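Chain by chain, the residues run as shown.
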Amino acid sequence: MADYSWPDAEHRTLLGTRVSRVDGPVKVQGKAKYTFDYNPAGLLHGKIVRCPYAHARVKSVDTSAVEKAAGVRAVKVLQGPGTEIHWAGDEIVGIAAVSEQAARDAAKLVKIEYEVLPHVVIDETEPPKNIANDTSPVSGDDIEDMMNNQVPEDEMVKAIMGRGITERPSEEMFKQLPEYGVPASVIKALREAPVKEAPKGPKSPYKRTAVQTQGDPQKAFGGAGVVVSEGLYGIPVITHCCLESHGAASEWTDDKNLLVHMSTQNVSGIPAQMAEPLQMPASNIRVVQDHIGGGFGSKFGPDRWGILTAQLSKLAGGKPVKIMLERDEELEVAGARPSAFARVKVAASQDGKLLGWESSSWGTGGPGGGGSPPIPYVFNIPNQRKQHTAVATNIGPARAWRAPNHPQACVLTLCPLDDMAAKLNMDPVEFLNKNLDITGPRAALYADELKIASEIFGWKQKWHARGDKAQGSIKRGVGVSLHTWGGRGHESRCDLTIHPDGAVDIKIGSQDLGTGTRTCILMVAAETLGIPHDQIKLYLGDTKYPMSGGSGGSTTIGGVSSSTRRASVDARDQLFEKVAPSLKAQPAELEVVKGVVRVKTDHSRALPWKQACAKIGAMPLTSRGSNPDKTKPPDLTNSGVGGVQMAEVSVDVETGIVKVEKMVAVQDMGYVINEKTAESQILGALIMGIGYSLYEEKVMDPTTGRMLNPNMEFYRLAGLNDVRDLVVKVYSTAEQDKRGVIGLGEPPVVSPGAVISNAVANAIGVRVPFLPLTPDRVLEALEKGGTA
Amino acid sequence: MSEDDRKSQEGASGVSRRDFMKLSSLAIATPMVVGPTVLEVEGQEVAVYGPGKMPVSLTVNGKKLSAELEPRTTLLDALRDQFNLTGAKRVCDRGTCGACTVLMDSKAVYACSILAIDAQGHQITTIEGLDKGEQLTAVQQAFVDNDAQQCGFCTPGFVVATTSFLEKHPKPTPEDVRNGLSGNLCRCGTYHGIHHAIAQATGQKRSVKNG
């Protein structure tokens, strides 16, 4: 059996090194083509008329004027009379016209009447205490909402079985559920759960889960000498704000076949999602994408506007129709990370051992309310009592945002733990170390990462007790946090071809989000085939190539590297079979190093790559690699990482302005493919983390129910000015190598919220309860009891 | 704006803000024809364009490019939609993020905030015109070497802005860079790489490793 295992440090030349991304040159030259750039002759531009109300019912839609307007080629009503609209900006009518300007003008001619309904867009107010637990049956909308909010499978099953369902899905729907990613256990529950009538009357925005307990929380909090720390914490709804807005361009290449350019994290998964709404076979839909301008979890589906491009194109005789969301649309409807707030009580012994956890949490994941974040995070505190209230709001639908639910859970846990350490007057690193025994299988890893981070950061020199006693208005403080993530490689297939002239190409239906996927695939193939990576041609981003999973959950690197490795090993071994007779050797005695196929024990018996490939014959040699593939062990990918971060901030207590002076991230990721792009992922996560800790918030107007900052002046991203000293340590050891490849796009974005909030508390002596840590929030906290 | 500034600006166009308001209302009533309507304002003839299409001629990357455009068309949309120069990106579309940065007579400008008709008679350089052929410029090479890009959507704007910035500040301090390039935004978080790219392009030492 061929040896597919990853080469260790002594047997590799390329893997684990620092290789510049292969698509760097086309990106710096402006030649990289994105969906937004697709501009064929005869292109029609689509625009969408959106509901201006956060909650309304469509009464009438009159498109007669727009149909006659200059330049308009197609009009499609998306949500007609009688439809209930749950957020401002939801799609009502689509228009395609000869130019973007004509489409914008035409959109103004659509007449829509609404019945305006009451809305809820404020989620940070604590829900009333006396709400009954939600026992109403689960509706189809609720299921969709749970899926969008990544509610754990077992929790969904429990809700469906316990509360019943409003209606049984049709057999047709049951067939489609797996395509939407609904887990088998949930589908089973949907078949078995009792059907119950939905309660009449106005719905409460609050859905409270039953109290969950573990151990004996009452005893833990009531024990003699127990120290109790209590606080309020929260993290608001933020948006994805992809620089390339969501969108697609569709055209009918004939009366049966559709070509779709789409900005998506999920090329291979799009046709199946478009087939049903378009009532056509998925095999007649081809989806392509060369480059994507950001996704961060918000671009897995075609969305209503993606489907609309195909519908408008059909109405316009098959001409290409492109819709790219305008910036305000992008921020209002194309991505919202669920909020999470909590009152938390922590109990610990006087020597710093965690004993008890009590939390009453709430937050919104959109119109259905959403699910609860996994708290307490990482630390499995022995005695717990917790309850979550989902708040159904009209803020807009939730989408997965880089490490769904983890940044929220991290803030709601690591901030309370930091407050406990302060109450005990303990160094928080010491406090975390003291409790690593309840973090599960990665306790030793966390200990090591805490040690490394402390050394790089200079923790011992920088840490002081809460409240910087320095003179002047600038106070400095430090914070620490840790996190976890899965990151096992997804399903992936890779086709590799070696041509008789020595040319090599790879075809894989994946996508490169800017994470370095292209570069990593080429590095794996080049290492295995023993030729330079720039001699290999890579094709990706097209449904005509073999299926590879969506780029979410940090699953891409593990998936594509494993499938590419297996394809490359098989192709190389086939080549050895062809070449061996010429070198008077057995195939197993051969190796390929620096473009030369040679006998391992006698380097004089050798053939350069091109000549070796000439032995292939007339037809190219092909191989298919898959992940997972139990027939070709070992497992090349793995799941479960840790990660530790530290931050130093300065806070001006007169203005409330926070600056992040230094951040250190120590991150494990199993077997490292490309250290350079891995580091960039971590640096990017820190910077994105600075943004959501200091600036980002989807600010809603309670009166109009609309987003107040759907633009980039007032929805602020971190800028160059926010980036000071960032240090990344890729945690790479022989032991990590043995684990296989694990994704890292997500884990490093989890801790920044907690780590920066903790540093601010350390600087000013008081917790600023909610992110982002804006000057007004900092000043308000200081008024209530800063000690700096 | 001081009173003198205002006067000199008014002098430049010959139209005061008050007159412009009047003109705007006149322009709406103007029939859709190609070519300007000439109005007399304070004794001077003023050309009023639109709302129909008009011939527009731009000099981009040393080439003359012509198209029939509505006068409300931005330079950015003209470059992207008419001339297929898609390196400059439309992101915020209101002069906040810098993804559309191009050079106008070697000054960095936001192409989303300039009308195509106003760009006539100026030398426009886009990202496509920065390098001559396949050879990358020192700034472009430094962006590649220091991985100052991820998804790459902000990258063309950053490269153009950096090129212009370094012409005025050949040896910038990190603080200069923070201020001088604060008009460009990135979502993936490539700023660390950008700091290092600029250090490389200007032959300065990098303070922290990552290249």
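Residues numbered from 1 in each chain as written. Chains lettered and ligands numbered in written order. Predicted model: local features only at pLDDT ≥ 70, side-chain atom pairs only at ≥ 80, totals over all residues.

Okay, the overall build of chain B next. Secondary structure summary: chain B contains seven helices and seven strands in total. Across the 211 residues in chain B, those meeting the buried criterion constitute 45%. Taking as baseline every contact in chain B between residues at least 6 positions apart, the subset at least 24 positions apart corresponds to 51%. (Helix = DSSP H or I, 4+ residues; strand = E, 2+ residues; numbered from the N terminus. Buried ≥ 20, exposed ≤ 12 C-beta atoms within 10 Å, placed from the backbone. Contact = placed C-beta atoms within 7 Å.)

As a further point, take the overall build of chain A. Scanning chain A from terminus to terminus reveals 22 helices and 27 strands. Relative to the globule expectation of 28 Å for 788 residues, the C-alpha radius of gyration of chain A, 28 Å, shows essentially globular dimensions. Counting only C-alpha atoms, chain A reaches 80 × 70 × 55 Å along its principal axes. For chain A, the proportion of its 788 residues judged to be buried stands at 57%. Contacts spanning at least 24 positions in sequence make up 81% of the contacts within chain A whose residues lie at least 6 apart. (Rg over C-alpha atoms; globule rule 2.2 N^0.38 Å.)

Residue and element names in this part refer to chain A. Taken in spatial order, the four strands of this open sheet run β20-β19-β18-β24, and their pairing is mixed. Strands with a single pairing partner mark the edges of an open sheet, and in this sheet they are β20 (536-540) and β24 (621-627). Here the average twist between neighbouring strands, direction ignored, is 20 degrees. Strand direction decides the pairing type here: strand β18 (residues 492-498) and β24, joined by seven bridges, are antiparallel. The residue bridging L496 from the neighbouring strand is S623, located in β24. In the packing of helix α16 (residues 517-529) onto the sheet, the strands contacted are β18, β19 (504-508) and β20, and the crossing angle to β20 comes to about 140 degrees. Across the sheet, helix α17 (residues 556-579) lies against β18, β19 and β24, angled at about 150 degrees from β24, the strand it touches most. (Pairing = 2+ DSSP bridges. Axes fitted to C-alpha atoms, helices over the stretch in contact; angles between N-to-C directions.)

Another point: the interface of chain A and chain B. Opposite the 50 residues of chain A that make contact, chain B presents 49 residues. Elements supplying a minimum of two residues to the side of chain A that touches chain B: α1 (24-28), α19 (675-694) and β27 (725-731) of chain A. Of the residues that constitute the side of chain A that touches chain B, the class distribution is 22 nonpolar, 17 polar and 11 charged. (Nonpolar A, V, L, I, M, F, W, Y, C, P; charged D, E, K, R; others polar.)

What follows deals with the confidence of the model for chain B. Residues and elements named next belong to chain B. Taken over all residues, the pLDDT of chain B has a mean of 85, while the share at 70 or more is 80%. In the predicted structure, residues 1-33 sits below a pLDDT of 50 and forms 22 contacts with residues beyond four places in sequence or in another chain. Low pLDDT, under 50, characterises residues 207-211; the predicted model gives this stretch 11 contacts beyond four residues in sequence or across chains. Note on the complex model: pTM 0.92, ipTM 0.93. (pLDDT = per-residue confidence, 0-100.)

Looking at the element boundaries, A334 of chain A is found in the loop between α11 (327-333) and β14 (340-348). For A334 of chain A, a count of 23 C-beta atoms within 10 Å corresponds to the buried category.

What is expected of a backbone is that most residues other than glycine have negative phi and most peptide bonds are trans. In this chain, N627 of chain A is followed by P628 of chain A through a cis amide linkage whose omega measures -10 degrees. Locating P628 of chain A in the fold gives a position in the loop between β24 and β25 (644-652). Residue G50 of chain B is joined to P51 of chain B through a cis peptide bond whose omega torsion reads 5 degrees. Inspection of the secondary structure assignment puts P51 of chain B in the loop between β2 (44-48) and β3 (54-60). For N405 of chain A, which is not glycine, the phi torsion reads 75 degrees and is therefore positive.

For D437 of chain A, the location among the structural elements is in the loop between α13 (428-434) and α14 (443-457). With 132 residues separating them in the primary sequence, D437 of chain A and W305 of chain A have C-alpha atoms 49 Å apart.

Residue and element names in this part refer to chain A. The contact between helix α12 (residues 406-423) and helix α21 (residues 752-764) brings their axes to 8 Å, and the two run at 30 degrees. When the interaxial angle is binned, α12 and α21 end up roughly parallel. In this structure, α12 crosses over α21, and the sense of that crossing is right-handed. Of the residues in α21, those in contact with P407, C410, V411, L414, C415 and D418 of α12 are G753, A754, S757, N758 and A761. (Parallel < 35°, antiparallel > 145°, perpendicular 65-115°, else oblique. Left-handed = near helix turned anticlockwise from the far one by under 90°.)

Right, let's get into the pairing of β25 of chain A. Residue and element names in this part refer to chain A. In terms of burial, β25 is largely enclosed, as seven of its nine residues are buried. Sheet analysis places strand β17 (residues 474-482) next to β25, joined by nine bridges and oriented antiparallel. Bridging from a neighbouring strand, S481 pairs with Q645 of β25. Between β25 and strand β26 (residues 658-668), which pair antiparallel and follow one another directly, the connecting turn spans five residues, one of which, G656, has a positive phi of 80 degrees.

Residues and elements named next belong to chain A. Examined at the domain level, chain A breaks down into domain 1 (9-32 + 489-627), domain 2 (38-119 + 240-333) and domain 3 (406-487 + 639-785). Each of domain 1 and domain 2 has a C-alpha centre, and the two are 39 Å apart. Across the contact, 13 residues belong to domain 1 and 16 residues belong to domain 2. A per-class count over the side of domain 1 that touches domain 2 returns three nonpolar, eight polar and two charged. (Domains from an automatic or database assignment.)

Let us look at the domain arrangement of chain B. Residues and elements named next belong to chain B. According to the domain assignment, chain B consists of domain 1 (3-48), domain 2 (54-129) and domain 3 (138-201). Taking only C-alpha atoms, the centre of domain 2 and the centre of domain 3 are 21 Å apart. Contact residues are listed per partner, giving 13 residues for domain 2 and 11 residues for domain 3. Where the side of domain 2 that touches domain 3 is concerned, the elements lending two or more residues are β5 (101-104) and β6 (107-110). Top element by residues in the side of domain 2 that touches domain 3 is β5. It accounts for three residues. Looking at the side of domain 2 that touches domain 3 residue by residue, the classes come out as eight nonpolar, three polar and two charged.

All names here are of chain A. Buried residues of helix α22 (residues 775-785): V778, A781 and L782, and no others. Take α22 and look down its axis: the buried residues cluster within an arc of 100 degrees, on one side only. Exposed positions of α22 whose direction lies more than 90 degrees from the buried face are D776, E783 and K784. In this structure, the buried side of α22 is in contact with β25, β26 and α21. (Arc of directions from axis to C-beta.)

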